[in-house]
Amino acid sequence: MGTTYGLEIFDYKSGVYERRLEDKNDDMILRGENIRCLHKDSENNIWVGTYNSGLRCCIYEDGFNRYTSDGQPNSLRGSSIRAICNGPGNEIYTGSAEGFLCRFDPEKNVFTDLTVKAGIPYGSTITDIDFFDGLLWISTDISGVFVFDPARQESVRHYQIP
C-alpha cells in the first residue's frame, strides 16, 4: 500500500504489515513520504511514484532502484510521479504532476521524454495513463485526454473535457 508515510507491505498469509521507511545509510529502503501511485509490472516488480522524490522500482528481496529528475537527457522528467503503466513490451510509462510523459526502457536503462510528441501542453498535470488497443491514453487535470501511438511516436487524438 502506498501511504502518506511511505510503503506498507501486507503479508496476507501471516496478517502482518511491514512499513518500509527511509534509512539515510541504506539506499535500499523507500523514503518515508507521500506515495502517489503503485504499479506491478510484467516482471512482478513494484514501481512506486512519489510526491517529491521521483520513481522507485522495488525488486522484492533485492531492494529499490531509484530514478530521479537530474537534468540529464536520458533521465526521468518530473519529481512528482502521478501515473505508471506497462507498455506492450517491458517498457514503463510515467506521468508526472509537472506534466511530463516519459518512457523507460529497462534494457537500456534510459528514459525518453514523450511530452511534446504526445501533444501535452506545458502545465498540465498527468493524472492517469493506460494502454488500450496498442494506444496510450493520457488523462490530464485541465487539458483533457490525449491518445498517443507509441509505434508511430505521435499524438492521434485529443479529447477536450469541458
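Quick note: structure is the one above.
Attention here is on the structure that accompanies the text. Computed from a prediction, not measured in an experiment: that's the story for all the values here.

### Examining the pattern of salt bridges
Side chains that differ in sign of charge can pair as their charged atoms come close.
Stage number 1. In the structure shown here, the tally under the stated rule is 3 salt bridges.
Stage number 2. A salt bridge links Asp113 to Arg77; its shortest N-O distance comes to 2.7 Å. Here Asp113, found in strand 11 (residues 110-113), pairs with Arg77, found in the loop between strand 7 (63-67) and strand 8 (81-86); they are 36 residues apart in sequence, far enough to count as distant.
Stage number 3. Across the pair Asp149 and Arg152 runs a salt bridge whose closest N-O atoms are separated by 3.7 Å.
Stage number 4. On the accessibility criterion, Asp149 (11% relative accessible area) is buried.

### A few points about the sheet that holds strand 8
Stage number 1. As summarised here, the arrangement of the 4 strands in space is 8-9-10-11, forming an open sheet in which the pairing is antiparallel. Two strands close off the open sheet at either side, each with one partner strand: strand 8 and strand 11. Neighbouring strand axes in the sheet, compared pairwise and without regard to direction, differ in orientation by 25 degrees on average.
Stage number 2. Of the strand pairs in this sheet, strand 8 and strand 9 (residues 92-96) are connected by 5 bridges, and their pairing is antiparallel. Bridging from a neighbouring strand, Ile84 pairs with Thr94 of strand 9.

### Focus on the pairing of strand 6 (residues 55-59)
Stage number 1. A large share of strand 6 lies buried, amounting to 4 of its 5 residues.
Stage number 2. One ladder, built from 4 bridges, connects strand 5 (residues 46-50) with strand 6; its direction is antiparallel. By the bridge assignment, Ile46 is partnered in strand 6 with Cys58.
Stage number 3. Between strand 5 and strand 6, which follow one another and run antiparallel, lie 4 residues, and Gly54 among them has a positive phi close to 80 degrees.

### Describing the environment of Trp137
Stage number 1. Positionally, Trp137 belongs in strand 13 (residues 135-140).
Stage number 2. Residue classification places Trp137 among the partly exposed positions, given a relative accessible area of 28%.
Stage number 3. In this structure the C-alpha to C-alpha distance between Trp137 and Ala118, which are 19 residues apart in sequence, comes to 9.9 Å.
Stage number 4. Not counting residues within four places of it along the chain, the set of residues in contact with Trp137 comprises Asp128, Ile129, Asp130, Phe132, Val145, Phe146, Val147, Arg157 and Tyr159.

### Comments concerning the nonpolar core
Stage number 1. Core analysis: the biggest nonpolar cluster contains 14 residues, and Tyr93, Leu101, Ile120, Ile129, Leu136 and Ile138 have the highest contact counts within it.
Stage number 2. For this core, the secondary-structure elements that each account for two or more residues are strand 8, strand 12 (126-132), strand 13 and strand 14 (145-149).
Stage number 3. Sort the elements by how many residues they give to this core and strand 12 lands first, with 3 residues.
Stage number 4. Here Ile120 is in contact with Gly99, Leu101, Thr115, Ile126, Ile138, Thr140 and Phe146, once residues within four sequence places are set aside.

### Observations concerning the packing of aromatic side chains
In this description, an aromatic ring pair is defined by two values, namely the gap between the centres and the angle between the planes.
Stage number 1. Here the structure, examined in full by the defined rule, presents 7 aromatic pairs.
Stage number 2. Ring centres 5.9 Å apart and planes at 20 degrees place the aromatic pair Trp47 and Tyr67 in the stacked group. One end of the pair, Trp47, is in strand 5; the other, Tyr67, is in strand 7, with 20 residues separating them in the sequence.
Stage number 3. What makes Trp47 buried here is its relative accessible area of 3%.
Stage number 4. Put simply, the rings of Trp47, Tyr67, Phe104 and Phe111 pair up and form one aromatic cluster.

### With respect to the sheet that holds strand 15 (residues 154-159)
Stage number 1. Ordered in space as 12-13-14-15, the 4 strands form an open sheet in which the pairing is antiparallel. The open sheet has two free edges, formed respectively by strand 12 and strand 15, since each of these has just one partner strand. In this sheet, adjacent strand axes meet at a mean angle of 20 degrees when their direction is disregarded.
Stage number 2. Sheet topology note: the strand 14/strand 15 ladder contains 5 bridges and is antiparallel. Paired with Phe148 across the bridge in strand 15 is Ser155.

Conventions adopted
Here, residues in each chain are numbered from 1, in the same order as that chain's written sequence. Residues qualify for local features only when their pLDDT is at least 70, as the model is predicted, and side-chain atom pairs are given and counted only at 80 or more; totals for whole chains, interfaces and linings, by contrast, use all residues. To obtain the side-chain values, all non-hydrogen atoms of the structure were used and water was disregarded. Between Lys or Arg on one side and Asp or Glu on the other, a salt bridge is scored when a side-chain nitrogen of the former is within 4 Å of a carboxyl oxygen of the latter. Elements are defined by DSSP. Helices are runs of H or I of four residues or more, strands are runs of E of two residues or more, and each kind is numbered from the N terminus. Three exposure classes are used, based on accessible area relative to the maximum for each residue type with a 1.4 Å probe and protein chains only: buried under 20%, partly exposed in between, and exposed over 50%. If DSSP finds at least two bridges between two strands, the strands pair. In this description, a line fitted to the C-alpha atoms serves as the axis of each element, helices being fitted only across the stretch in contact, and the angle between N-to-C directions of two axes falls anywhere from 0 to 180 degrees. A contact between two residues is defined here by any heavy atoms of the two lying within 4.5 Å. The nonpolar core is taken to be a set of buried Ala, Val, Leu, Ile, Met, Phe, Trp, Tyr and Cys residues, with the residues joined through side-chain atoms within 4.5 Å. Aromatic pairs are defined between Phe, Tyr and Trp rings, using the six-membered ring for Trp, whenever the two ring centres lie within 6.5 Å; interplanar angles under 30 degrees are classed as stacked, those over 60 as edge-to-face, and all others as tilted.

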